[in-house]
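Architecture at a glance
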Amino acid sequence: MSAAAHTRWIKDAARRFGFDHCGIARAEALDDDARRLEQWLSKGYHGSMQYMANHFDLRVDPRRLVPGARSVITFLKNYYPAEESRSDIKVARYAWGADYHEVIRAQLNAFLAEARAAIGNIEGRGFVDSAPVLERSWAGRSGLGWVGKNGNLINKGAGSFFFIATLITDLELEYDAPYARDYCGSCTRCIDACPTDAILPGKTVDGSRCISYFTIELKDLLIPQEHQGKFGNWMFGCDICQEVCPWNRFSTPNREPAFTPVPEVLNLSSSEWEALSEEAFRTIFRRSPLSRAKHRGIQRNLRFLKGDQGA
């Protein structure tokens, strides 16, 4: 098959495997992104997330991750739920169902296996938020959207409630045109709505001030007291900057069965969360992103929301 035929096969297969959007870019060094990332790290915006500073050279050049790489294929998978939460405690929507790492990794592996059967002996590696890959940059280069002021990838017709997956391969393909425009314009709704002032001018997010950072990434026993009263009821993650984004009026419910919400996420009250034993937590959320915070992290977050971290 020609590069054009290979490209058609890739995009048809993406739909069959349940991905909502697929774009392709040439594998090359991300020089501009490298400079921005270096500045971001130098200001300490990654907080205690040291892994974001690791493997810098791999992060900015896919050819170092996959020797001989020619193409970076980017997939978007919608996770916006059809259901509404009935709890007084809030959990970011991405964490309502099964762990997306497991779900999408399995789909990428199956995709690559089928591609090898159809196209031939190609080399490639799939990544989903688990390796030094600048997914949003590649999505923009692949024509799938632009990076908004809140740091999220925004698709003009579908909003930002998407997971981004990347497949780096040595297959020569036809490449999509980069997203040409930034449609945020003069809108500052996400900046104005962020209760911890984590969204800065110039499309910069201070990760070390984000509610998601404090409730998921931060492993300290205590959350800094200066942020007391700013979290609302967000126990795990935060969707505020996405909820206020005008482009998310185009969000539609996802079609992935694995993202069906765990009933407890939608229904447990704050008192029921507090009473949940570690054994029950492990059983209920063993396949959920919430397991990342562990039982002790969830309980710490609940104490912070109540204003009694010393208890």
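Bear in mind that the values here come from a model prediction, so they are computed numbers and not experimental data.

1. Topic: the side chain of Asp206
Residue placement: Asp206 occurs in the loop between β9 (204–205) and α8 (211–217). The buried charged residue Asp206 lacks any salt bridge partner; its closest oppositely charged side chain belongs to Arg209, at an N-O distance of 4.7 Å. For Asp206, the side chain forms a polar contact with the side chain of Ser208, separated by 2.5 Å. With residues near it in sequence (within four places) discarded, Asp206 still touches Tyr45, Ala198 and Leu200.

2. Quick notes on the packing of helix α1 (residues 3–16) against helix α5 (residues 100–119)
For the pair α1 and α5, the least separation of the axes is 11 Å and the interaxial angle reads 145 degrees. Here α1 runs over α5; the crossing is right-handed. In this structure, α1 uses His6, Trp9, Ile10, Ala13, Ala14 and Arg16 to contact α5, whose residues at the interface are Phe111, Glu114, Ala115, Ala118 and Ile119.

3. Focus on the pattern of salt bridges
Tallying each qualifying case throughout the model produces 19 salt bridges. Between Arg255 and Asp20 there is a salt bridge, with the nearest N and O atoms lying 3.0 Å from each other. With a gap of 235 residues between them, Arg255 in the loop between α9 (240–243) and α10 (263–267) and Asp20 in the loop between α1 and β1 (21–26) connect regions that are remote in the sequence. The class for Arg255 is exposed, based on a relative accessible area of 64%. Its relative accessible area of 27% is what places Asp20 among the partly exposed residues.

4. Description of the UniProt feature "binding site: cob(II)alamin" (unreviewed entry) in the chain
When the UniProt feature table is mapped to this numbering, "binding site: cob(II)alamin" (unreviewed entry) covers Arg59, Asp129, Asn150, Leu153, Ile164, Ser212, Cys238 and Asp239. What stands out for the annotated residues spanning 181 residues is how far apart their C-alpha atoms range, the widest pair being 26.2 Å apart. On the secondary structure map, Leu153 appears in strand β6 (residues 153–154). Here Leu153 is in contact with Leu76, Arg136, Ala139, Gly140, Leu144, Gly145, Trp146, Val147, Gly159, Ser160 and Ile164, once residues within four sequence places are set aside. Summarising the element assignment, Ile164 is placed in strand β7 (residues 162–169). Overall, Ile164 belongs to the buried group, its relative accessible area being 15%. With residues near it in sequence (within four places) discarded, Ile164 still touches Thr74, Phe75, Leu76, Val128, Glu135, Arg136 and Leu153.

5. Points about helix α13 (residues 294–306)
Taking 1.5 Å per residue as the helical rise, α13 with its 13 residues ought to reach 18 Å, and the 19 Å between its terminal C-alpha atoms agrees with that figure. Of the surrounding elements, those touching the buried residues of α13 are α8, β10 (234–236), α11 (270–275) and α12 (278–284).

6. Comments concerning the packing of aromatic side chains
Inspection of the entire model under this criterion finds 24 aromatic pairs. Measuring from centroid to centroid gives 6.1 Å for Trp247 and Phe250, while their planes differ by 35 degrees, and the two rings are tilted. When its relative accessible area of 15% is taken as the criterion, Trp247 is described as buried. Given the relative accessible area of 33%, Phe250 is considered partly exposed. When the ring centre of Phe19 is taken as origin, the NZ or CZ atom of Lys77, which lies over that ring, is 5.4 Å away. Note that Arg141 overlies the ring of Trp138, its terminal NZ or CZ placed 5.6 Å from the centroid.

7. Some thoughts on the sheet that holds β7
Paired through backbone hydrogen bonds, the strands of a sheet run either parallel or antiparallel to each other. Ordered in space as β1-β2-β7-β4, the four strands form an open sheet in which the pairing is antiparallel. At either end of the open sheet lies a strand with only one pairing partner, and these are β1 and β4 (124–127). The sheet shows a mean angle of 20 degrees between the axes of neighbouring strands, taken without regard to direction. When β1 meets strand β2 (residues 71–78), the two strands line up antiparallel, connected through six bridges. For Arg26, the partnering residue across the bridge sits in β2 and is Ser71. Seen against the sheet, α1 touches β1 and β2 and runs at an angle of roughly 145 degrees to β1. α5 contacts β2, β4 and β7 of the sheet and is inclined by roughly 35 degrees relative to β7.

8. Examining the UniProt feature "binding site: [4Fe-4S] cluster 1" (unreviewed entry) in the chain
In the numbering used here, UniProt assigns the feature "binding site: [4Fe-4S] cluster 1" (unreviewed entry) to Cys184, Cys187, Cys190 and Cys245. Judged by maximum C-alpha separation, these annotated positions cover 62 residues in sequence but sit close together in space, the widest gap being only 10.3 Å. Look at Cys184 and you get buried, because its relative accessible area is 14%. Excluding residues within four positions of it along the chain, Cys184 makes contact with Trp146, Gly148, Lys149 and Ile154. Residue position: Cys245 is located in the loop between α9 and α10. When its relative accessible area of 12% is taken as the criterion, Cys245 is described as buried.

Each value, and the rule that gives it
Residues numbered from 1 in each chain as written. Predicted model: local features only at pLDDT ≥ 70, side-chain atom pairs only at ≥ 80, totals over all residues. Heavy atoms only, no water. Helix = DSSP H or I, 4+ residues; strand = E, 2+ residues; numbered from the N terminus. Buried < 20%, exposed > 50% of the residue type's maximum accessible area, 1.4 Å probe, protein only. Lys, Arg positive; Asp, Glu negative; His and termini not counted. Salt bridge = Lys/Arg side-chain N within 4 Å of Asp/Glu carboxyl O. Polar contact = N/O pair within 3.5 Å; in protein donor to acceptor, adjacent residues only side chain to side chain. Contact = heavy atoms within 4.5 Å. Axes fitted to C-alpha atoms, helices over the stretch in contact; angles between N-to-C directions. Left-handed = near helix turned anticlockwise from the far one by under 90°. UniProt positions renumbered as here; feature names shortened; annotations may be inferred. Expected span 1.5 Å × (residues − 1). Phe/Tyr/Trp six-rings, centres within 6.5 Å; stacked < 30°, edge-to-face > 60°. Lys NZ or Arg CZ within 6 Å of the ring centre and 35° of its normal. Pairing = 2+ DSSP bridges.

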